[in-house]
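Here's the letter readout for the chains.
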Amino acid sequence: MEPQEDRNRRLLRARDAIDVHYRETLDVPRLARIALMGRAHFIREFKTAFGETPHRYLQRRRVERAMYLLRWTDRSVTSVCMEVGFNSLGTFTRTFGEIVGESPSAYRAGADRPESFVPGSFTMRWTRPSD
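If you're wondering where the values come from, they're calculated on a predicted model, not measured in any experiment.

Things to note about the pattern of salt bridges
Pairing of side chains with opposite charge becomes possible as their charged atoms draw close.
Consideration 1: With the rule as written, the count across this model stands at 12 salt bridges.
Consideration 2: A network of salt bridges, in which partner residues are shared, links Asp19, Glu52, Arg60, Arg61 and Glu64.

Printed below as a string of structure tokens:
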């Protein structure tokens, strides 16, 4: 196996571990061990391969899951924060704002809720002028 291919496989194993275990405490040394690399080398290689550091990738995965929970459940922001693996509501809110561009509460308020969805065909029928 070529060295580049081997490196990519090891990095993908680490990224897959983040995707599966995002709720858990994942630190860079643990991820580097999964990739069979030293800590600093792993961070550099991960960023080269995926365009962001392992820590930022983990945060983004957690925020993506939080976005889903905020949109489709009625759980509190604090509950969602803890569910996706953040230990601090302040860190969660700050990170969510950096990634999404608004606070979790503002995101929830502006999100399309399942009960507010009306198919376009019904909207057209209801707003069609009567003869």
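Examining unusual backbone geometry
Consideration 1: In this structure, Leu36 takes a positive phi of about 55 degrees despite not being glycine.
Consideration 2: Mapped onto the elements, Leu36 comes out in the loop between helix H2 (28-34) and helix H3 (39-50).

Focus on the nonpolar core
Consideration 1: Of all hydrophobic cores here, the largest spans 27 residues; its most connected members are Ile18, Phe42, Val84, Phe92 and Phe96.
Consideration 2: Contributions of two or more residues to this core are made by helix H1 (3-21), H2, H3, helix H4 (54-72), helix H5 (77-83) and helix H6 (89-100).
Consideration 3: The dominant element in this core, judged by the number of residues it contributes, is H4, at six residues.
Consideration 4: Non-local contacts of Val84, meaning those with residues more than four positions away in its chain, are made with Tyr22, Arg23, Arg62, Arg65, Ala66, Leu69 and Phe92.

Notes on the packing of H1 against H3
Consideration 1: Running from N to C, H1 and H3 point in directions that differ by 90 degrees, and their axes come no closer than 10 Å. As judged from the angle between their axes, H1 and H3 are roughly perpendicular. Here Arg7, Leu11, Leu12, Ala14, Arg15 and Ile18 of H1 come into contact with H3, specifically with Phe42, Glu45, Phe46, Thr48, Ala49 and Phe50.
Consideration 2: The class makeup of the residues in the contact of H1 with H3 is eight nonpolar, one polar and three charged.

Points about the packing of H1 against H4
Consideration 1: The contact between H1 and H4 brings their axes to 9 Å, and the two run at 30 degrees. Comparing their axes, H4 and H1 come out roughly parallel. In terms of crossing hand, the pair formed by H1 and H4 is right-handed. Contacts from Arg15, Ile18 and Asp19 in H1 reach Pro54, Tyr57, Leu58 and Arg61 in H4.
Consideration 2: A per-class count over the contact of H1 with H4 returns four nonpolar, no polar and three charged.

Brief notes about the side chain of Arg10
Consideration 1: Along the polypeptide, Arg10 turns up in helix H1.
Consideration 2: On the basis of relative accessible area, Arg10 is assigned to the buried category, the value being 16%.
Consideration 3: Beyond its immediate sequence surroundings of up to four residues, Arg10 is in contact with Ala35, Leu36 and Met37.

Definitions and cut-offs
Residues numbered from 1 in each chain as written. Predicted model: local features only at pLDDT ≥ 70, side-chain atom pairs only at ≥ 80, totals over all residues. Heavy atoms only, no water. Salt bridge = Lys/Arg side-chain N within 4 Å of Asp/Glu carboxyl O. Helix = DSSP H or I, 4+ residues; strand = E, 2+ residues; numbered from the N terminus. Core = buried A, V, L, I, M, F, W, Y, C linked by side-chain atoms within 4.5 Å. Buried < 20%, exposed > 50% of the residue type's maximum accessible area, 1.4 Å probe, protein only. Contact = heavy atoms within 4.5 Å. Axes fitted to C-alpha atoms, helices over the stretch in contact; angles between N-to-C directions. Parallel < 35°, antiparallel > 145°, perpendicular 65-115°, else oblique. Nonpolar A, V, L, I, M, F, W, Y, C, P; charged D, E, K, R; others polar. Left-handed = near helix turned anticlockwise from the far one by under 90°.

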